[in-house]
Amino acid sequence: MFTSSIGKKYLMALTGFVLIGFVFVHMAGNLQILMGPEKINAYAHALQSLPMPILWGSRIFLLVCVVLHAWTAIVLIRENRAARPRENDVEVTKRAGLSSLKMGLTGTILLFFIVFHLLHFTVRAVYPEYDDLMTTVGAPEGMEVHNVYSMVLAGFQHTWVSVFYVISMFLLCGHLGHGFSSVFQSLGIRSESWRNKIDWAAKGYAWLIFLGFSIVPILVIGQKFDLISFFEPSLFSEPLAMR
Ligand code: HEM
């Protein structure tokens, strides 16, 4: 079924749906950083302490979703291009062509973002010194955990990193704003009467995700340039000294 065009559209919609849900859960988890180091460190530690099969099962599942989503997108764009009449293109085809071009472009940049992001905060290959950030704050009695709080503050104090994240989140917002409604369209549940409501919900969701993710790098940069004071200054300057 998944080799037919309609099957691939379903697959793209279903994997997109999983990713739409993932970004919300990840954003909500990240926002705990605004409540201080105990919360976010304990949360990250709890996630990393999940039983191996659950932790790696979810990581592999997410990766498979990203790969399938990108692969079906590439194949469908190619098939559409091959099937499109060269002349007398009707307006609707042109418009659909433009939005799939935009989705392809934002999707490709987001793939780069995901690779960078994993190397930055999960593999920690961009700044290997983040591996040494250990703390008892947010750790169970008598233990040390990875200091995700300091790592994120240190990470976003590089202005270029924050700018790259906020631009990527803006592109994610554009991608979601269109993708969210497309999921309903592909699954055949976007009736004419629901069309407007779904489109508005998609836009609202996309902006919520943008704001929820961008607030952290924006606050860090604001504090770096003495515009605001949000994070505990002693904890804030500690990662700065690390460079
Ligand atoms: C400002 C935005 C973001 C921040 C601050 C952020 C923060 C983080 C941090 C700190 C980790 C590593 C957690 C740890 O050490 O245990 C992480 C992992 C991850 N992030 Fe993000 N993230 C952001 C945006 C995103 C977006 C937009 C996506 C997807 C489109 C994403 C996908 C992932 C994935 C797949 C992982 C790996 C999870 C794992 O290790 O299993 N992140 N993120």
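Heads up: the structure comes first, above all this text.
(A) Main features of the overall build of the chain. In terms of helices and strands, the chain carries eight helices and two strands. Tracing the chain from N to C terminus, the helices and strands come up as α-α-α-α-β-β-α-α-α-α. A principal-axis box enclosing the C-alpha atoms of the chain has dimensions of 65 × 45 × 35 Å. The proportion of buried residues among the 243 residues of the chain is 23%. A fraction of 75% describes how many contacts in the chain between residues 6 or more apart in sequence connect residues 24 or more apart.

(B) Fine view of the site of the ligand. Among the 20 residues in the neighbourhood of the ligand, the closest are listed as Ala44, Arg59, Phe121, Thr122 and Phe213. If you list the elements that add at least two residues to the shell around the ligand, you get α1 (5-30), α2 (37-48), α3 (52-83), α4 (91-122), α5 (148-156), α6 (159-186) and α7 (192-224). Among the elements that line the shell around the ligand, the one with the most residues is α4, at five residues. Here the residues of the shell around the ligand are counted per class, giving 14 nonpolar, five polar and one charged.

(C) Representation of the environment of Met143. Residue placement: Met143 occurs in the loop between β1 (134-135) and β2 (145-146). A count of 9 C-beta atoms within 10 Å places Met143 in the exposed class. Along the sequence, Met143 and Ile218 sit 75 residues apart, while their C-alpha atoms lie 32 Å from each other.

(D) Region of the structure containing the nonpolar core. If you look at the biggest cluster of nonpolar residues, it comprises 16 residues, and the most contacted ones within it are Val148, Tyr149, Met151, Val152, Leu153 and Val216. Those elements giving two or more residues to this core turn out to be α2, α5 and α7. When residues of this core are assigned to their parent elements, the largest contribution, seven residues, is made by α5. Contacts of Val148, omitting those with residues within four sequence positions, involve Ile40, Asn41 and Ala44. Tyr165, Met169, Leu176 and Phe210 belong to the second largest nonpolar core, which has twelve residues in total.

(E) Main features of unusual backbone geometry. Positioned with a positive phi, Arg124 is a non-glycine residue whose angle comes to about 60°. Counting through the fold element by element, Arg124 comes out in the loop between α4 and β1. Accessibility expressed as a C-beta count within 10 Å gives 18 for Arg124, which makes it partly exposed. Located in the positive-phi region is Asp226, a residue other than glycine, with phi close to 55°. Given 7 C-beta atoms within a 10 Å radius, Asp226 is considered exposed.

(F) Inspection of α1 at higher detail. With 26 residues, α1 extends 37 Å between its outermost C-alpha atoms, agreeing within 8% with the 38 Å of an ideal straight helix rising 1.5 Å per residue. Of the residues making up α1, those classed as buried are Lys8, Leu11, Met12, Thr15 and Gly16. Buried residues in α1 make contact with α3 and α6.

(G) Geometry of the packing of α1 against α7. Relative to each other, α1 and α7 sit at 35°, their axes nearing to 10 Å. Of the two elements, α1 crosses α7, and the hand of that crossing is left-handed. For the pair α1 and α7, the contacting residues are Val23, Phe24, Met27 and Asn30 in the first and Ile209, Gly212, Phe213 and Val216 in the second. Taken together, the residues that form the contact of α1 with α7 break down as six nonpolar, two polar and no charged.

(H) Broad picture of the packing of α5 against α7. Closest axis-to-axis distance for the α5/α7 pair is 9 Å, and the angle between their directions is 70°. Judged by the angle between their axes, α5 and α7 are roughly perpendicular. Here the hand of the crossing between α5 and α7 comes out right-handed. On α7, the residues touching Val152, Leu153 and Phe156 of α5 are Val216, Pro217, Val220 and Ile221. When grouped by side-chain class, the residues that make up the contact of α5 with α7 number seven nonpolar, no polar and no charged.

How each quantity is defined
Residues numbered from 1 in each chain as written. Predicted model: local features only at pLDDT ≥ 70, side-chain atom pairs only at ≥ 80, totals over all residues. Helix = DSSP H or I, 4+ residues; strand = E, 2+ residues; numbered from the N terminus. Buried ≥ 20, exposed ≤ 12 C-beta atoms within 10 Å, placed from the backbone. Contact = placed C-beta atoms within 7 Å. Near = placed C-beta within 6 Å. Nonpolar A, V, L, I, M, F, W, Y, C, P; charged D, E, K, R; others polar. Core = buried A, V, L, I, M, F, W, Y, C linked by C-beta atoms within 7 Å. Expected span 1.5 Å × (residues − 1). Axes fitted to C-alpha atoms, helices over the stretch in contact; angles between N-to-C directions. Left-handed = near helix turned anticlockwise from the far one by under 90°. Parallel < 35°, antiparallel > 145°, perpendicular 65-115°, else oblique.

In short, the description is geometric, and any link to function would need to be established separately.
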